Amino acid sequence: MFKEELVKLSKNLRSVIFMLKSYEVLRNPFLNKGTAFTKEEREELGLIGILPSKVQTLEEQTEQAYAQFQSKTSPLEKRIFLMNLFNENVTLFYHLMDQHVVEFMPVVYDPVVADSIEQYNEIYTNPQHAAFLSIDHPEDIEKTLKNATDGRDIRLIVVTDAEGILGMGDWGVNGVDIAVGKLMVYTAAAGINPAQVLPVSIDSGTNNQKLIDDPMYLGNRHARVAGQPFLDFIDKFVEAQQKAFPEALLHFEDFGRANAQVILDKYKNEIATFNDDIQGTGMIVLAAAIGAMKISKQELKNQKFLTFGAGTAGMGIANQIFTELVQEGLTEEEARKRFYLVDKQGLLFSDTPDLTPAQKPFTRDRSEFENAEELTTLAAVVKAVHPTVMVGTSTQPGTFTEEIVKEMAAHTERPLIFPLSNPTKLAEAKAEDLIKWTDGKALISTGIPAADVEYKGVTYHIGQGNNALIYPGLGFGLVASTAKLLTQETISAAIHALGGLVDANVDGAAVLPPVSQLTKFSQIIAEATAESVVAQGLNREDIADAKKAVADMKWTPEY
Ligand SMILES: NC(=O)c1ccc[n+]([C@@H]2O[C@H](COP(=O)([O-])OP(=O)(O)OC[C@H]3O[C@@H](n4cnc5c(N)ncnc54)[C@H](O)[C@@H]3O)[C@@H](O)[C@H]2O)c1
Ligand SMILES: O=C(O)C[C@H](O)C(=O)O
Ligand SMILES: [Mn+2]
């Protein structure tokens, strides 16, 4: 009797294990091929009879998925469809995205990711392999990183505490979607293996009362932990991350203004890391300005830069351009005098209250202006300064008004006007208005994708001044070259690989290459980055050929 029971039990156990194994494959999006599993694979994996009989090709699956995508009516429904596809079959997701990168970027990433973050609790789906770290449980950090990666060899992490999501402020645990979206762009643009990346949410609470009051909110329901206790937690996270994934690049995203630069300054000379809002944005805007100079045949060092919204991104941009001006031969004193920072207080002077550490080196002296006390609005400052470059990172929609833009354009032949605030609803201006108000003279770059503008018989192409046009190539180049650190030299190499990739002689030329070329120019950036790392001897592993290292690392979405 006992023997029979034992035989029956072991048979049941074997069939349970066998079934688990087969369902495990179907449920593992990194392994799943769905209806593309061949007859032999189905035999070997125990999938006979648990898939419809037809064996599809990846192309057939892709066509089918695209038709389903197109059948979704709202951008958010399209995004939910794509996220579910990602959770089911990663190869199919990226094969599809590769074929429609221009159409999919705004859905997977900015601006639709903003809607997804705002409605995260209502539409919560499987978290795309994200790791959720809670400031209330530092003892769980190591366990969380292990659980979320299940032994995968992680080479790239995007981490956010969601205190400064785009221009929308504090979104607590919902902000994990920005890390998910950024990583999807990394793979689509540069080809980082999706099995080698990890999105991380640091849930340190939220000051967003809407979320605290929402019974469906999924994060820590208390005020955001700030100051040293928060920074101590970041230290614990970085220590655990370095121990678990010593070869991983750490990309910080959408941290609050008070912490972003502090964290970057602490770690930039210790580990392979960068802050996308500070450095990534500084890089893409300088690349856009270089492209603009090529079109207008002007020199960067002769420009006057006005930053509207001198925060994380605004100061990242100012510092990157400042470094370039010094490299072009200006003294630091001469270079600093090219900048005018406008923030909530108006034009920032050395005695303006509540200056951030980053703003202080770029403040002006009241003695430079007869009407200094009147310079409390953007309009007044534009009138007094006559900037030739105006960058918007203010989160304040529509603030580049017709009056302000026309005043600027009256004093410079080809004004550079970059309304960079995201998402769409926060942009300082629309491209079509800027073209109209400057009679086609403005050289424009917008944070969100902008359609071509037809004006007086010319088609104006608008370069997207979004860090997604440079961080994938930069990050992939750092990972492929096993970089120990990111230096200014490498940052400059990446910028100059992208800057100037414009067709200056075409009427209406864009200041940056189009997103349709994203994979192509991301590879150029990655190669320049990797070559710079190796030239500085900052590679952990021996690399004989940097370009080959990039090519060998590139993942392609094929079964
Ligand atoms: N295009 C890109 O690649 C890119 C990259 C990073 C950030 N951004 C966008 O830039 C914006 C700012 O992002 P951040 O991370 O720098 O945020 P931040 O909070 O660090 O900076 C915003 C700054 O704008 C200032 N500001 C707010 N209201 C203002 C007003 N009425 N007048 C003048 N200044 C005002 C704030 O005081 C702050 O200094 C966001 O919309 C973000 O999406 C775009
Ligand atoms: O996320 C983006 O679209 C760009 C940038 O990182 C931002 O915070 O706006
Ligand atoms: Mn950001």
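Rules used in this analysis
- Residues numbered from 1 in each chain as written.
- Chains lettered and ligands numbered in written order.
- Predicted model: local features only at pLDDT ≥ 70, side-chain atom pairs only at ≥ 80, totals over all residues.
- Heavy atoms only, no water.
- Helix = DSSP H or I, 4+ residues; strand = E, 2+ residues; numbered from the N terminus.
- Buried < 20%, exposed > 50% of the residue type's maximum accessible area, 1.4 Å probe, protein only.
- Lys, Arg positive; Asp, Glu negative; His and termini not counted.
- Salt bridge = Lys/Arg side-chain N within 4 Å of Asp/Glu carboxyl O.
- Contact = heavy atoms within 4.5 Å.
- Donors = N, O, S within 2.8 Å, 3.2 Å for Na, K, Ca; no water.
- Pairing = 2+ DSSP bridges.
- Near = heavy atom within 4 Å.
- Polar contact = N/O pair within 3.5 Å; in protein donor to acceptor, adjacent residues only side chain to side chain.
- Areas by Shrake-Rupley, 256 points an atom, 1.4 Å probe, with all protein chains shown as cover.
- Nonpolar A, V, L, I, M, F, W, Y, C, P; charged D, E, K, R; others polar.
- Domains from an automatic or database assignment.
- pLDDT = per-residue confidence, 0-100.
- Right-handed = clockwise from strand over helix to strand, strands pointing away.
- Buried area = accessible area lost by both parts, 1.4 Å probe.

Asker: Give a detailed account of the side chain of Arg42, specifying residues and quantitative values.
Answerer: Turning to its location among the elements, Arg42 is positioned in helix α2 (residues 39-45). Salt bridges are absent for the buried Arg42, whose nearest opposite-charge side chain, Glu41, sits at 6.9 Å. Residues in contact with Arg42, not counting those within four places in the same chain, are Thr35, Phe37, Leu47, Ile48, Leu51, Pro52, Ser53, Lys54 and Val55.

Asker: Could you give an account of the coordination of the manganese ion (ligand 3), with specific residues and numbers?
Answerer: Within the protein, the atoms that donate to the manganese ion (ligand 3) are Glu253 (OE), Asp254 (OD) and Asp277 (OD), at distances of 2.0 to 2.1 Å. Looking at Asp277, the relative accessible area reads 14%, which means it is buried.

Asker: Account for the sheet that holds strand β6 (residues 305-308), with residues named and values stated.
Answerer: The sheet built from seven strands is open, its strands ordered β8-β7-β6-β9-β10-β11-β14 with mixed pairing. At either margin of the open sheet sits one strand with a lone partner, and together these are β8 (346-347) and β14 (463-464). As paired elements, strand β7 (residues 339-343) and β8 share two bridges and run antiparallel to each other. Bridge assignment links Asp343 to a residue of β8, and that residue is Gly346.

Asker: Which residues make up the site of ligand 1, and what are the values?
Answerer: Around ligand 1 sit 24 residues, and of these Arg257, Thr312, Ala313, Asp343 and Gly465 come closest. Asp343 is positioned such that a nitrogen or oxygen atom in its side chain is 2.5 Å from an oxygen atom of ligand 1. In this structure, Asn422 approaches ligand 1 through a main-chain N or O atom, which is 3.1 Å from an oxygen atom. Bound to the protein, ligand 1 loses 87% of the 850 Å² it would expose on its own. Listing elements by their share of the shell around ligand 1, those giving two or more residues are α13 (276-296) and α14 (312-327). Along the lines of polarity and charge, the residues of the shell around ligand 1 split into five nonpolar, 15 polar and four charged. Two domains share the shell around ligand 1, each providing at least three of its residues, namely domain 2 (128-275) and domain 3 (280-466).

Asker: Give me the lowdown on the confidence of the model for the protein chain, citing residues and values where you can.
Answerer: In the predicted model, the protein chain carries a mean pLDDT of 96, and the fraction of residues at 70 or more is 98%. Of all helices and strands in the protein chain, the one with the weakest mean pLDDT is helix α1 (residues 2-27) (73), whereas strand β2 (residues 156-160) scores best (99). With pTM at 0.96, the complex prediction returns an ipTM value of 0.99.

Asker: Please give an account of the site of ligand 2 that cites residues and values.
Answerer: Around ligand 2, the neighbouring residues are Tyr109, Asp110, Leu166, Lys182, Glu253, Asp254, Asp276, Asp277, Asn422, Asn466 and Asn467. The side chain of Asp254 places a nitrogen or oxygen atom 3.0 Å from an oxygen atom of ligand 2. One of the side-chain nitrogen or oxygen atoms of Asn422 is found 2.9 Å away from an oxygen atom of ligand 2. Alone, ligand 2 offers 260 Å² of accessible surface; in the complex the protein occludes 91% of this. Among the residues making up the shell around ligand 2, the classes are represented as two nonpolar, three polar and six charged.

Asker: I'd love a proper account of the pairing of β2, names of residues and values included.
Answerer: With five of five residues buried, β2 is to be regarded as a mostly interior element. Along β2, one buried face is formed by Leu156, Val158 and Thr160 and the opposite face, lined by Ile157 and Val159, is buried too. Two strands pair when backbone bridges link them, and β2 and strand β3 (residues 197-203) are joined in this way by five bridges, in the parallel orientation. For Val158, the partnering residue across the bridge sits in β3 and is Pro199. The parallel pair β2 and β3 is bridged by helix α9 (residues 176-190), and the resulting crossover is right-handed.

Asker: If you had to explain the domain arrangement of the protein chain to someone new, which residues and values would you point to?
Answerer: Domain annotation for the protein chain reports domain 1 (1-108), domain 2 (128-275), domain 3 (280-466) and domain 4 (473-501 + 517-552). Here domain 2 and domain 4 have C-alpha centroids that lie 24 Å from each other. Taken together, the contacts link 17 residues of domain 2 with 15 residues of domain 4. Regarding the contact of domain 2 and domain 4, the summed buried area is about 1,200 Å², with carbon and sulfur atoms giving 66% of it. On the domain 2 side of the contact with domain 4, Ala189, Ala190 and Glu247 bury the most area, a combined 34% of that side's loss. At the junction of domain 2 with domain 4, the criterion picks out one salt bridge. For Arg540, the salt bridge identified is with Glu247, shortest N-O distance 3.7 Å. The tally of links between domain 2 and domain 4 comes to one residue pair in polar contact (both at pLDDT 80 or more). Counting only elements with at least two residues in the side of domain 2 that touches domain 4, the list comes to α9 and β5 (273-275).

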